Every structure is written in structure tokens, then in C-alpha cells.
Amino acid sequence: MATLLISNIKSLVNTREENKCLRGKELAVLPSIENAYLIVEDGIITGLGRMEDILHPKKKFRTIIDAGNQLVLPAWCDSHTHLVFAASREEEFIDKIRGLSYAEIAARGGGILNSAAKLNAATENQLFNATWKRLEEVSRTGTGSIEIKSGYGLTVEGELKMLRVIKKLKEKSSLSIKATFLGAHTYPPEFRDNHEGYINLIIGEMLPVIAAEKLADYIDVFCETGFFSPEETETICRAGMKLGLKPKIHANQLNLSGGTQTGVKLGALSVDHLETMDEEAIRLLAGSSTIGTLLPTAAFFLRMPFQPARSLIDAGCAIALATDYNPGSSPSGNMNLAAAMSCIQMKMLPEEVINAGTLNGACAMELQNETGSIRIGKKADLIFTKPVPSLAYLFYAFGSNHVDKVMINGELI
Ligand code: NIG
Ligand code: FE
């Protein structure tokens, strides 16, 4: 049995006994051990503490990593991505620079429909290979677990193809992966005036296969003006819930469209985006067990006001942080960038950002007993930073890469 000792860690960050989701003031508390060691056996953390408390380190351990000067953090838990897509959309990026809005681009058949046309023309293998490369890329930036959605198929075959790609990623990757069915991402053109027809297709033809082949863990709906109404969202989510899929929904991105209210009413695991919130939605979310997932890189890319993180945290909400990696609103899956934006633009403290992007992200994927903090029994999913003067420096010096190496499941990648 290969036992690994990581010694002389300048600061071992987010070491905690409890795996529960953090809310309100709890988010600012980040337990850490200075001058620490960590022991890993077969991919699992089996020991940790202060350097002066290990005896005869060299005799007992087969491998030693000297992490002198480095901070060691839990790997990022990115709980909201659309990692499976066939092609990038930089032509729309130019349209946006020239002045078109996200909604105008969508209304002209761009946006999600543009991605759907390309996805339906791609083979499962092509999609797998393109997504595998993205997964490798984000893991190198420190992501150790990730949620991936369907939603660019919008046909029975397309949606199932996407979910089968995610299933294969789960089998082949050492990252922890969760799959979310987002058939209700937008109405395909042939159902533009027949919403009931598309909802029947989702409930009658997509969901039964997804349940039978265990292709998804969660169900998502884009609850938004011009997309799915709160009532449609509820109908679709309830059909998924009957089959064991908890809702994680796109809410309050572009408008006060009732998504947060619907998510809370359904007991959703999370409501995600939240660029456009009012007091009522904040108060409801704070009084619920639903996690609010903030996606600052999407707000940045669409030039929208950032999520009101301070009001949400001060009201007592449980907040997670994710990238929304997708070709239309966030062509980046870099959690370090999302974290820096959260500090700079949303006035989150570095401690809050780390908790929101690790333990609470894990909670938003129900992975909190496996990853998201540094604790005996959890997976050794770790980020080793380059030598930095402090924790705050990681997000202050936002344009530089501070990740020296990443360990997933006890293996350096
Ligand atoms: O989370 N808002 C809905 N869906 C994605 C964007 C999809 C796209 O533009 O391709 C999002 O931002
Ligand atoms: Fe999204």
C-alpha cells in the first residue's frame, strides 16, 4: 500500500470536521492548519496535523512530497457547467461587441439553438473527445469535481447522446462527475408555439429512457422570460422528481422570472445564476435549504450586474460558486477566475470564496461526504499553490496562474 506524506505545508486550508453546507456568517470561517502535514493512502486522506506532531516521517512513508512554501487547498467543486458542446460561438461574441443582447441573439436563432444544431450534427465520439479535452483543461486549473448538464440536444436523440457522453466521462475520469438533464433549456423551433408538445416529449420520451439507463442525477429547467415559465418549470421538475431526479434550476438570470420561488417551493438542491434578485427572492432563499449558486463569469461575459453576493450572504443564504462553463455565456471553466471575480466584483471575502467553491460546491452536487474539504476519509483532491505571500494573494493577483500542481484521488495530474 503506497502511503504518501505531504510535508511542510505552509497552510493546509479548509480542514474541518463537519460536512454540512455553510450559510451566512459561517461562510467567512475557514479552518486551516499552519506548517502542516497530510497523509494519503490509496487516494484517501488518512492523516493530517501539525508538522511537529509527526514522528520519524522518513521511515514510515514510501513517498514524500515536500510542500515547503505552498498552500494546499481542497480542489474546486464546480457545481454548474455545460461542458458538453460541439463548437465554440465566438461569432456571437462579436455580435455582442457590436451591440446585440443575449436575448436578441437567441431570438435570431443564435444562442442555445445555434449550439443545438451543431450538437445534433456531431457524433457521440466527437463530443466525447472534445469534452474530455475540456475536462483535462479544467482539472489542470484545480477542478476536482464537476456537474455537467445536457441541454444542447433538444431532441430525444440529442439529449440522450449528451447524457451518454457524460456517463462515459464518469466511467473514464478520476474526477467526481454529476449529470444533470436540461432538456428544458429552450424550445426547439418546431415547438415554439406548441410548448405542451415539447413538455410531453421531455416527460413522455426523454425522462423514461434517462431513468431506465440511469443517465442523470438531477433535472434542470431554464426558468426565464421567453424560455420556461414557473408553471412549466414546476411541471417538468415534478416529472423528474418522480423518477428520483432532484431539481437544480436556472433561476433569475435575466429577469425576476419566479425561478427562485419555484426552486424553493420544489425543495431544489440549488437555484443557479441569481443575477436579478429582489428582496422577496433573497428572503425566501435564505429561509430555505436550497443553495444559491453564483456564476460570476456569466455575468461578466454578458456584461450584466454581478450577483448580489453580499445581500445573499448577509441574509443568511447558503452560497456556492461555479463557472457555468458553456459556449454562449461563460466560455471559461476556470474556477480561479470565478473566485477572483467574486472577491473583486461581488465583495466576497477570500475565505467565503473558498468555502463557496469547495465545500458548498460539493454540497450542491451531494458530494460533501467525499470531497470539498480536507478531512480524514475524504478523497485527496488537492490544489498545491505556487509560493504566494498569503491566501488573499490568490485572488488579488487575478491574472496569474497560482496553481503549481493538482492531485485528484491521490494522483498528481
Ligand atoms: O447558464 N442561461 C442558460 N443557459 C446557459 C447559456 C447557454 C448558452 O448560451 O449556450 C447559461 O448561461
Ligand atoms: Fe448554466
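Residues numbered from 1 in each chain as written. Chains lettered and ligands numbered in written order. Predicted model: local features only at pLDDT ≥ 70, side-chain atom pairs only at ≥ 80, totals over all residues. Heavy atoms only, no water.

On to the coordination of the iron ion (ligand 2). Looking at the iron ion (ligand 2), the protein donor atoms are H80 (NE2), H82 (NE2), H250 (NE2) and D324 (OD), and they sit 2.1 to 2.2 Å from it. Of note, the iron ion (ligand 2) draws all its donor residues from one chain, in the sequence arrangement H-x1-H-x167-H-x73-D. With H82 in the loop between β6 (76-78) and α2 (90-97) and D324 in the loop between β13 (319-321) and α13 (335-346), this residue pair connects regions lying 242 residues apart in the sequence. Neither H82 nor D324 differs from the other in exposure class; each is buried. (Donors = N, O, S within 2.8 Å, 3.2 Å for Na, K, Ca; no water. Helix = DSSP H or I, 4+ residues; strand = E, 2+ residues; numbered from the N terminus. Buried < 20%, exposed > 50% of the residue type's maximum accessible area, 1.4 Å probe, protein only.)

Taken together, 15 residues sit near ligand 1, with Y102, Y152, H185, Q253 and S329 positioned nearest. One nitrogen or oxygen atom from the side chain of H82 is found 3.3 Å from an oxygen atom belonging to ligand 1. D324 places a side-chain nitrogen or oxygen 2.9 Å from an oxygen atom of ligand 1. Contact with the protein chains removes 100% of the 330 Å² of surface that ligand 1 exposes when unbound. Tallied by class, the residues present in the shell around ligand 1 amount to four nonpolar, nine polar and two charged. (Near = heavy atom within 4 Å. Polar contact = N/O pair within 3.5 Å; in protein donor to acceptor, adjacent residues only side chain to side chain. Areas by Shrake-Rupley, 256 points an atom, 1.4 Å probe, with all protein chains shown as cover. Nonpolar A, V, L, I, M, F, W, Y, C, P; charged D, E, K, R; others polar.)

Turning to the pattern of salt bridges, a few remarks are in order. Evaluated as defined, the whole model comprises 16 salt bridges. Note that E26 and K20 form a salt bridge whose closest N and O atoms lie 3.2 Å from each other. Relative accessible area serves as the criterion here: at 39%, K20 is assigned to the partly exposed category. (Salt bridge = Lys/Arg side-chain N within 4 Å of Asp/Glu carboxyl O.)

Here we come to the domain arrangement of the protein. We note that the domain assignment places domain 1 (3-73 + 373-412) and domain 2 (77-363) within the protein. If you average the C-alpha positions of domain 1 and of domain 2, the two centres end up 30 Å apart. Taken together, the contact between domain 1 and domain 2 spans 29 residues of the former and 35 residues of the latter. At the junction of domain 1 with domain 2, the criterion picks out zero salt bridges. Counting residues per element, the side of domain 1 that touches domain 2 draws most heavily on strand β15 (residues 403-408), at three residues. Across the side of domain 1 that touches domain 2, the residue classes tally to 16 nonpolar, five polar and eight charged. (Domains from an automatic or database assignment. Contact = heavy atoms within 4.5 Å.)

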